[in-house]
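The primary structure of each chain is shown beneath.
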Amino acid sequence: MLNLKKTFDLQKDVFSHILRNDNSTGKAKVAETNGRIHNVERDGGVLYSWKETPGTTRIGKYDLNTKEHKLLYVFDEDVLVSSCSVNKEETLLAVSLSQRSKKEGHLRPVPKFLTLLIEIQPINNTKVLKAVDCTVRVQFLYPEPGKRLVTESHLLLIVEDGYVEQFHIPLTKLEGYRVVIQNPERLAKDRIAEELSWVQWDGETQRLFYITSRERPIVKCLQFYPDCNCETVFELPVDLATNPFASARFVNLGYDYYKDGKVEDEGLNLVVLTSKTGSMCICYSQHLCANEDITYTIAFVHRGYSRTYTVARAEGFTCSSRILFFQLGYYIVVYLADCFLHLINARQQDLPCYSLFLSGAGASLGPLSPGCLVLTFPWATFLDPHMGRMYWADLSSPVLLQLLRQPGPDAQRLAALHCLLGHMGPDPDMERQVVDWICESVMPLESFDQIQEFMLASLYRTIYQQSPSLDNVEVLPYSSLFEKKELSDGLKLIPGVRFTSDLLPPPLFRGKAQNLRGYWEELQWNAERMKYFEAVPNPRFRTSAMRAEWTRLQAELRLEGKKSSRPLRNIEENTKKVLSVVDTWQLDKKVVPLFHNEDHQQRALIGLMVDKLREHMNRHLPRLGKKKIERLVVSYVTNLLKLVRHLLEALWGKYKLELGVLSVAQQGSASEWAVFHMMTRILEATAGLCLPLPPGYHTLLSVLGMRCLPRYTFMQYVDHGLLQLTEPFVSRLMTDLDNSPDNEGLKFSIMKRLPEPMEQKTCQLWDHPITSASISRGYVKELLEKRKTKGTTSLDSEKSSCSPEFLPLTYLVKILSDVESQVLNPFEGQENVDARFVEETALKQTMILLGLEDK
């Protein structure tokens, strides 16, 4: 289910280097068997120790970016390194040593742990910072990456007795290159946290989370600023036991080979996971007991509630490790070796079907040994302490694609689809395989429509990448399930998993966090918005809500000759904004032959969606501002049209179609039939959600329908509204098909279904006696109506040589003579118009009207 990429191997990346530079094979073998990985710094540097020869211990650093190994310090005795850290400039090294008395008869008490501060550029003085009988973890603060001149380093000492100290270490340069500590005997220090029982370091954001239990357990956070000063910015009471930990727990503070392995399965297992978009999840599980179900809790702080999951213990399962919590994008991963893997969607928590649960063979993390742990949370870095290796984890696209295709519950397929589209990002090869899966399914699945989910999930990913602040806000749709009146039972439950939900107390923000930009601002805003969304009905935009307005708008469009109303003109302006972006697509490199025609209904639907979405976001997200909302709305609708076009391109490439399909005179192939079927499914999917289609979609669909369907079936598709008789399609039909009896019947059937304005235009394209007669009648009617508006023409009886019984003909001739120079002749440039035929037809019609046909 997860890909594990090995990022560091102590034996291959370090000891093989030592072996190449030292001919002593015995030394290398000693190093290989005693190597230990201790910590990972903010810059990605890996700290480790090894015993190369008896009586010496060395500490080195490996740069994951440059792939270089560097020796930092050598102890001339055999020491047990419990924790270590190096400052950003690599001038100071802090080490916590676990001491063991070698003389059993030793009467003088020896502290069990010794914390040292060592100057290493060059190796010089060593200062003892603390000598105590409890574990001490050390961690240097890292200033902003761009800061070059550093005159002071800051070191944290996290002591198992329940407090944290910050040392301020002033530095100076001697002889131009030596960096030493100023006044090492009087280092300033502050006690910044007390009475803690659990602590977690986040090196990427320079935050220290810890739990105090004076009256009730409270999670607090210390934020370190660029100047390395800190303050408590966050507090949240949590529903835990009074003393949830058997001993102090250190999370993300390296690995102590001499203690961590002994306390792994004792007490509560808890971690805090955050993201840049303003989310915070507190994950914890109790000690796993035999013959009891497995329970774990995820507190979604940014959403204001927690969920407790209970997984039935498999028969014969014996737990050999603890539950691992880590983060992959917006997924919280809960993993128990040889039991289950649960990917909890922290963004889409409305229904459990958006989270993926696997058990058995599909829930393995591959090469990791049972004693592995998460060493750093921002990158989901795993440490295998027994093998001396580090891995970076990510979701596996092939496994997720396999879950789509293999038989299984619809909920699992839906969760796998959202994993692929939301987390994996814009991967053309992956998206092509998803389209292949959609094409393999002849009809939508029972519980959801694959095309609707593909479109909304892909569109949501695109928009939140453009505006990360929308990530945790329930405004834009990401699934079509919210449009359904009732969901199937399979989407409401996860087989083998039960869960309950509870509300969380509101978090307390202190100090600068109330005015900070960035993470704390986003977290506060998310928490406040969740209260608002709980009180407001339907905060998420539902495209189906446009249906009533869309029906009214269609009726207005059908009224010929009516002046456009102001709302209709506003909608047209919205459409122009979207299509101005759509028109910038690379038309010279296009794969799909989309006709850029005037599709008035789709243009109106595009503008209507812009209008309604803008109104919705202005109502629920005024914080973004009108200009940003306008950009987001136009981008949303534009990307929707682009997504449909991308689907068409994928279909065109899959079935290898060419531009020759534009002709309606030929029979379609099996590939064209497959594309036509998929395009009708796309049409049904978008119509079900009231979504617009790109310009030319209906024309292309009608062309393919004419090539692939029997003609009577084609007309049924037209009558039921699945196919539309657009102007480009009708024009191509009239010019491509000859006037054989079958084609004439088809053309007449189509013309009968056209509105009058389009019928008049079509008559000029078809060289046929009936269309010519229609043109003539229309021409005469137009002339008469225009003359009628100017008043009645009086006849000069003296100059008239016509007898009274031919008065209408004389009247017609007089009118034609008067307006001939004023009215443009619509037949100029028309190759198929016979002027003589027009005159004869006009005379014939006049005689019929006067009843003089026999004369």
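In this text the structure is predicted, and so the values were computed from the model without any measurement.

Visitor: Explain the sheet that holds strand S2 (residues 36–40) to me, please; I cannot follow it from the model alone.
Guide: Sheet strands associate in pairs through backbone hydrogen bonding, adopting either a parallel or an antiparallel arrangement. Here we have 4 strands laid out as an open sheet, ordered S2-S3-S4-S5, and antiparallel in their pairing. The sheet is open, and its two edges are formed by S2 and strand S5 (68–75), each paired on a single side. If you compare each strand with its neighbour and ignore which way they point, the axes differ by 25° on average. Bridge count for S2 against strand S3 (residues 45–50) is 4 bridges, and the pairing is antiparallel. In the strand pairing of S3, Asn39 is matched with Leu47.

Visitor: How should I be thinking about the packing of aromatic side chains in this particular structure?
Guide: Any two aromatic rings considered together are summarised by their centre-to-centre distance and by the angle between their planes. The tally for this structure, following the rule as stated, stands at 26 aromatic pairs. Summarising the aromatic geometry, the rings of Tyr255 and Tyr257 are spaced 4.8 Å apart at their centres and angled 90° between planes, so their arrangement reads as edge-to-face. Tyr257 carries the same exposure label as Tyr255, and that label is buried. Members of the aromatic cluster, joined through ring pairs, are Phe8, Phe15, Tyr48, Trp50 and Tyr62. It is Arg540 that lies over the ring of Phe482; its NZ or CZ is 5.1 Å from the centre. The ring centre of Trp525 lies 4.1 Å from the NZ or CZ of Arg623, which sits over that ring.

Visitor: Explain unusual backbone geometry here, please?
Guide: Glycine aside, a negative phi is what most residues show, and trans is what most peptide bonds show. Following Gln121, the chain continues to Pro122 via a peptide bond in cis, the omega torsion being -15°. One non-glycine residue, Glu195, adopts positive backbone phi at about 55°. Relative to the elements of secondary structure, Glu195 occurs in the loop between strand S14 (188–194) and strand S15 (196–202). Here the phi dihedral of Asp338 falls at roughly 65°; this positive angle occurs in a residue that is not glycine.

Visitor: For this particular structure, what's the right way to read the sheet that holds strand S26 (residues 340–345)?
Guide: If you walk across this open sheet you meet the 4 strands as S24-S25-S26-S27, and the pairing is antiparallel. Looking at which strands have only one partner, the edges of the open sheet turn out to be strand S24 (324–328) and strand S27 (356–359). When strand polarity is set aside, the average angle formed by the axes of neighbouring strands in this sheet is 15°. Across 6 bridges, the pairing between strand S25 (residues 331–336) and S26 is antiparallel. From the neighbouring strand, Val333 faces S26, where its bridge partner is Leu343. Most of the contacts of helix H5 (residues 410–423) go to S27, to which it runs at about 115°, and overall it touches S24, S25, S26 and S27.

Rules behind the numbers
Residues numbered from 1 in each chain as written. Predicted model: local features only at pLDDT ≥ 70, side-chain atom pairs only at ≥ 80, totals over all residues. Heavy atoms only, no water. Pairing = 2+ DSSP bridges. Helix = DSSP H or I, 4+ residues; strand = E, 2+ residues; numbered from the N terminus. Axes fitted to C-alpha atoms, helices over the stretch in contact; angles between N-to-C directions. Phe/Tyr/Trp six-rings, centres within 6.5 Å; stacked < 30°, edge-to-face > 60°. Buried < 20%, exposed > 50% of the residue type's maximum accessible area, 1.4 Å probe, protein only. Lys NZ or Arg CZ within 6 Å of the ring centre and 35° of its normal. Contact = heavy atoms within 4.5 Å.

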